[in-house]
Amino acid sequence: MRKTLKKTRRGQLQIAETLVSVSLMLILALLLINAADQVNKSQSGLENLQNTASDILLTADEANLLRPVIYLNGQAEYLTEYNHHLDVLNDFILLNLPEGVGFVLRMSEVQGQETLSPYKYLIGSQASISALQEGGDGVQSKYFVGSFSSSEYGQFTTHYMIELYLWEKF
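Read on for a plain summary of the structure. Values in this document were obtained by computation on a predicted structure and should not be read as measured data.

Along the protein, the regular secondary structure elements total four helices and seven strands. The order of α-helices and β-strands along the protein, N terminus first, is α-α-α-β-β-β-α-β-β-β-β. Taken across its 170 residues, the protein has 32% of its residues classed as buried. For the protein, the exposed surface amounts to about 11400 Å²; the carbon and sulfur share of it is 54%.

Right, let's get into the side chain of Ser 108. Along the polypeptide, Ser 108 turns up in strand E1 (residues 101–111). Excluding residues within four positions of it along the chain, Ser 108 makes contact with Thr 115, Leu 116, Ser 117, Pro 118, Tyr 119, His 159, Tyr 160 and Met 161.

This part covers the pairing of strand E7 (residues 159–168). Within E7, eight of the ten residues are buried, leaving the element largely enclosed by the surrounding structure. As judged from the eight bridges shared by strand E4 (residues 138–145) and E7, these two strands associate in the antiparallel manner. Within E7, the position partnered with Tyr 143 by the bridge is Ile 162.

What follows is about unusual backbone geometry. With a phi angle near 60 degrees, Asn 64 is a residue other than glycine that sits in the positive phi range. Summarising the element assignment, Asn 64 is placed in the loop between helix H1 (2–62) and helix H2 (66–72).

Aromatic rings in a pair are described by how distant their centres are and how their planes are angled relative to each other. Within the structure shown, the criterion is met by five aromatic pairs. Here the aromatic rings of Tyr 71 and Tyr 160 are separated by 5.3 Å at their centres, their planes lie at 75 degrees, and the arrangement is edge-to-face. Taken together, the positions of Tyr 71 in helix H2 and Tyr 160 in strand E7 put the pair 89 residues apart, joining distant regions of the chain. Residues Tyr 71 and Tyr 160 agree in their burial class; the two are buried. Between Tyr 78 and Tyr 153, the aromatic rings sit 5.1 Å apart at their centres with planes inclined by 80 degrees, giving edge-to-face as the arrangement.

Two side chains bearing opposite charge may form a pair once their charged atoms approach each other closely. This structure, assessed with the given rule, holds three salt bridges. The partner of Glu 163 in a salt bridge is Arg 106, and the shortest N-O contact between them spans 2.7 Å. A residue pair is termed long-range when its members are at least 10 positions apart, and Glu 163 in strand E7 and Arg 106 in strand E1 qualify at 57 residues. For the residue pair Glu 163 and Arg 106, the accessibility class agrees, reading buried in each case. A cluster of three or more residues bridged by salt bridges with shared partners is formed by Arg 106, Lys 142 and Glu 163.

Parameters at a glance
- Residues numbered from 1 in each chain as written.
- Predicted model: local features only at pLDDT ≥ 70, side-chain atom pairs only at ≥ 80, totals over all residues.
- Heavy atoms only, no water.
- Helix = DSSP H or I, 4+ residues; strand = E, 2+ residues; numbered from the N terminus.
- Buried < 20%, exposed > 50% of the residue type's maximum accessible area, 1.4 Å probe, protein only.
- Areas by Shrake-Rupley, 256 points an atom, 1.4 Å probe, with all protein chains shown as cover.
- Contact = heavy atoms within 4.5 Å.
- Pairing = 2+ DSSP bridges.
- Phe/Tyr/Trp six-rings, centres within 6.5 Å; stacked < 30°, edge-to-face > 60°.
- Salt bridge = Lys/Arg side-chain N within 4 Å of Asp/Glu carboxyl O.

In structure tokens:
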């Protein structure tokens with residue numbers, strides 16, 4: 001009878017050890033799944049921002065909002081028109097961004113295959129980009145424009161690289 005009691009206790013102890021081990025493995029698996037989910041969410045968030053930035057630039061150009069801002073920049077005779085187009089472009093970008101996303105739009109002239117410095121900031125500033133580069137995750141979308149023809153403003157043939165930076169504000 002004593003042997004049976006010891007075997008029963010030993011069996012109960014083995015079952016308890018197995019249950020504890022299985023429970024610990026389940027908890028560890030849940031923690032790993034949660035960590036992987038967090039990584040995927042942050043990556044998909046940046047992917048979404050990248051797609052949003054590209055879509056905004058493409059749609060703004062197709063809607064004839066982007067090129068007037070680019071090519072009228074610095075043209076003193078079209079200052080009023082430039083400011084109007086810039087306001088419309090700014091509103092368009094803001095309407096297409098999720099809440100809590102910051103942005104900077106800048107351009108640089110392109111000659112041959114070389115992008116020339118310095119950048120001209122159309123919306124936002126270098127300080128915003130510097131702060132982003134030091135402390136957060138963001139995306140940058142580039143868009144090339146090669147000319148602009150308008151019956152109202154004339155024809156322009158300078159090439160520009162347009163960059164739209166997006167980041168989540170905290």
